[in-house]
Amino acid sequence: MSVPLLKIGAVLSTMAMVTNWMSQTLPSLVGLNGTTVARGGTSERIVSALYPSPEEGWQIYSSAQDADGKCICTVVAPAQNMCNRDPRSRQLRQLMEKVQNITQSMEVLDLRTYRDLQYVRDTENLMKTVDGRLKTASENPRSLNPKSFQDLKDKVTQLLPLLPVLEQYKTDARMILRLREEVRNLSLVLMAIQEEMGAYDYEELRQRVLLLETRLHSCMQKLGCGKLTGVSNPITIRASGSRFGSWMTDTMIPSSDNRVWSMDGYLKGRRVLEYRTLGDFMKGQNFVQHLLPHPWAGTGHVVYNGSLYYNKYQSNILIKYHFRSRSVLVQRSLSGAGYNNTFPYSWGGSSDIDLMADENGLWAVYTTIPNAGNIVISRLEPQSLEVLQTWDTGFPKRSAGESFMICGTLYVTNSHLAGAKIYFAYYTNTSSYEYTDIPFHNQYSHISMMDYNPRERVLYTWNNGHQVLYNVTLFQVIKTSED
């Protein structure tokens with residue numbers, strides 16, 4: 001791809017001004033971590049995926065000039081909605097909640113005061129009568145005969161309900177003092193925030209950052225693919241289910257679908273849980289259940305463009321199940337593919353057929369007897385499940401812990417246990433391979449599913465009953481129009 005250096009420099013220059021402020025005022029933002037280095041006539045780009053550590057936000061990692069005076073700038077940017085996680089934004093929301101609580105309290109006070117005041121007005125004539133009788137009795141005690149005394153006593157008895165009303169007035173008066181103190185504190189906090197923000201129009205700046213962020217994400221999608229050079233520390237999302245299973249989001253690009261699917265177990269399962277968002281999945285709430293018409297085998301399932309692709313139990317048949325219509329759209333045999341633990345990954349679990357998706361589409365990873373148990377890669381047509389092209393990698397599948405595709409390259413781990421690393425890479429664009437040495441931390445010591453999501457640029461894993469994510473770092477050299 002040809003990218004004019006001038007445009008990259010302009011974007012990075014704009015980002016430098018904004019990110020310098022953001023790194024000081026918006027700490028602890030979580031999101032998409034994309035790093036770009038513009039250098040001379042080429043642009044070297046490293047893309048780190050979704051869910052960075054909490055310490056990472058909009059930051060400039062370096063900004064300098066090379067020997068020719070050209071700008072070298074490294075920027076890390078978070079995903080969208082990052083301002084919602086800004087501490088100041090949270091503080092403002094908390095203040096708004098306090099204001100709302102105070103408003104509700106004032107409304108309650110107003111209603112209660114109106115009601116009590118009406119009661120006092122209704123008893124006003126009675127109070128005047130009692131007051132007059134008491135004055136008469138005080139001035140002329142003899143005028144208070146037994147009948148008059150009983151009448152006065154009855155009048156006083158009618159006034160007794162006024163006592164709790166007056167007591168409520170005392171309580172309300174104390175509440176008003178407390179509300180007044182809270183309002184004073186709110187005013188002080190708002191003044192402090194205003195002073196901290198200085199001359200910035202926070203909302204306007206937030207909108208500018210979101211616009212820049214959208215442009216950055218668009219640019220990252222255009223720059224797209226690269227070579228895997230690193231895997232981050234694991235990020236545990238949830239601990240649920242059995243030792244084996246799979247979980248995923250839609251891998252189709254582009255897509256605004258935020259649903260999460262979970263499939264517990266590796267053999268004869270039929271129940272798929274669908275969560276509305278990742279947050280709901282983390283809390284185990286807001287989910288619906290899909291009961292598949294055919295049970296699955298293994299954990300090599302993938303969701304692509306709203307459909308689940310999986311291997312039918314005790315067969316080499318691939319099934320495309322559409323979530324919205326809750327029906328099987330197509331099923332097709334993967335010719336010659338081993339199944340039922342004939343050629344599984346090193347951990348077993350009927351993992352003979354592994355379906356996956358990347359920037360280039362839908363893939364099947366498996367092996368056959370003619371291929372002597374070596375890993376075979378086939379690119380599939382998503383609508384018909386027809387095999388479009390096939391590659392023999394020469395790598396024995398039983399020696400692989402797991403595998404995943406990124407940008408048309410199959411990456412294979414050498415184990416599913418602790419100490420595993422990404423050991424082998426096969427490039428379908430050149431039909432060549434190389435041995436790699438990319439370590440990653442297998443935190444829970446037994447990975448039974450590992451898949452790359454090209455939309456989020458992150459690895460999904462099921463590790464001993466834990467659902468775990470890994471950022472990936474991709475490296476790419478992009479020639480500019482000056483070359």
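Further up the page is the structure itself.
Residues numbered from 1 in each chain as written. Predicted model: local features only at pLDDT ≥ 70, side-chain atom pairs only at ≥ 80, totals over all residues. Heavy atoms only, no water.

Q: What is the right way to read the packing of aromatic side chains from this model?
A: Within the structure shown, the criterion is met by 19 aromatic pairs. Look at Phe244 and Tyr266: their rings are 5.1 Å apart centre to centre, the planes differ by 90°, and that puts the pair in the edge-to-face class. Here Phe244 is found in the loop between strand 6 (235-239) and strand 7 (245-249), whereas its partner Tyr266 is found in the loop between strand 8 (260-264) and strand 9 (267-275), with 22 residues between them in sequence. Residue classification places Phe244 among the buried residues on the basis of a relative accessible area of 18%. With relative accessibility at 26%, the residue Tyr266 sits in the partly exposed group. With 4.7 Å between their ring centres and 35° between their planes, Phe395 and Phe424 make a pair best called tilted. Within this pair, whereas Phe395 is found in strand 18 (residues 387-396), its partner Phe424 is found in strand 21 (residues 421-427), the two being separated by 29 residues in sequence. (Phe/Tyr/Trp six-rings, centres within 6.5 Å; stacked < 30°, edge-to-face > 60°. Helix = DSSP H or I, 4+ residues; strand = E, 2+ residues; numbered from the N terminus. Buried < 20%, exposed > 50% of the residue type's maximum accessible area, 1.4 Å probe, protein only.)

Q: Is there a simple way to explain the pattern of salt bridges in this structure?
A: The full count for this structure, using the stated rule, is five salt bridges. With a closest N to O distance of 3.2 Å, Asp437 and Lys421 form a salt bridge. A residue pair is termed long-range when its members are at least 10 positions apart, and Asp437 in strand 22 (residues 432-439) and Lys421 in strand 21 qualify at 16 residues. A residue is classified by how much of its surface remains accessible, and Asp437, at 55% relative accessible area, is exposed. Exposure remark for Lys421: the relative accessible area of 25% places this residue in the partly exposed category. Taken together, the salt bridges that share partners define one network made up of Asp257, Arg259 and Glu274. (Salt bridge = Lys/Arg side-chain N within 4 Å of Asp/Glu carboxyl O.)

Q: So what exactly am I meant to see when it comes to the sheet that holds strand 7 here?
A: Strands belonging to one sheet form pairs held by backbone hydrogen bonds; the direction of such a pair is parallel or antiparallel. Reading across from one edge, 7-8-9-10 is the order of the four strands in this open sheet, with antiparallel pairing throughout. Bordering the open sheet on either side are strand 7 and strand 10 (287-297), each of which pairs with just one other strand. Averaged over all adjacent pairs, the angle separating strand axes in this sheet is 20°, with direction ignored. The sheet contact formed by strand 8 and strand 9 spans three bridges and is antiparallel. Paired with Trp261 across the two strands is Glu274, which belongs to strand 9. (Pairing = 2+ DSSP bridges. Axes fitted to C-alpha atoms, helices over the stretch in contact; angles between N-to-C directions.)

Q: I tried to follow the side chain of Ser240 on my own but got confused; where do I start?
A: Inspection of the secondary structure puts Ser240 in the loop between strand 6 and strand 7. A distance of 2.8 Å separates polar atoms of two side chains, one belonging to Ser240 and the other to Gln467. Dropping the residues within four chain positions of it, Ser240 is found in contact with Trp462, Gly465 and Gln467. (Polar contact = N/O pair within 3.5 Å; in protein donor to acceptor, adjacent residues only side chain to side chain. Contact = heavy atoms within 4.5 Å.)

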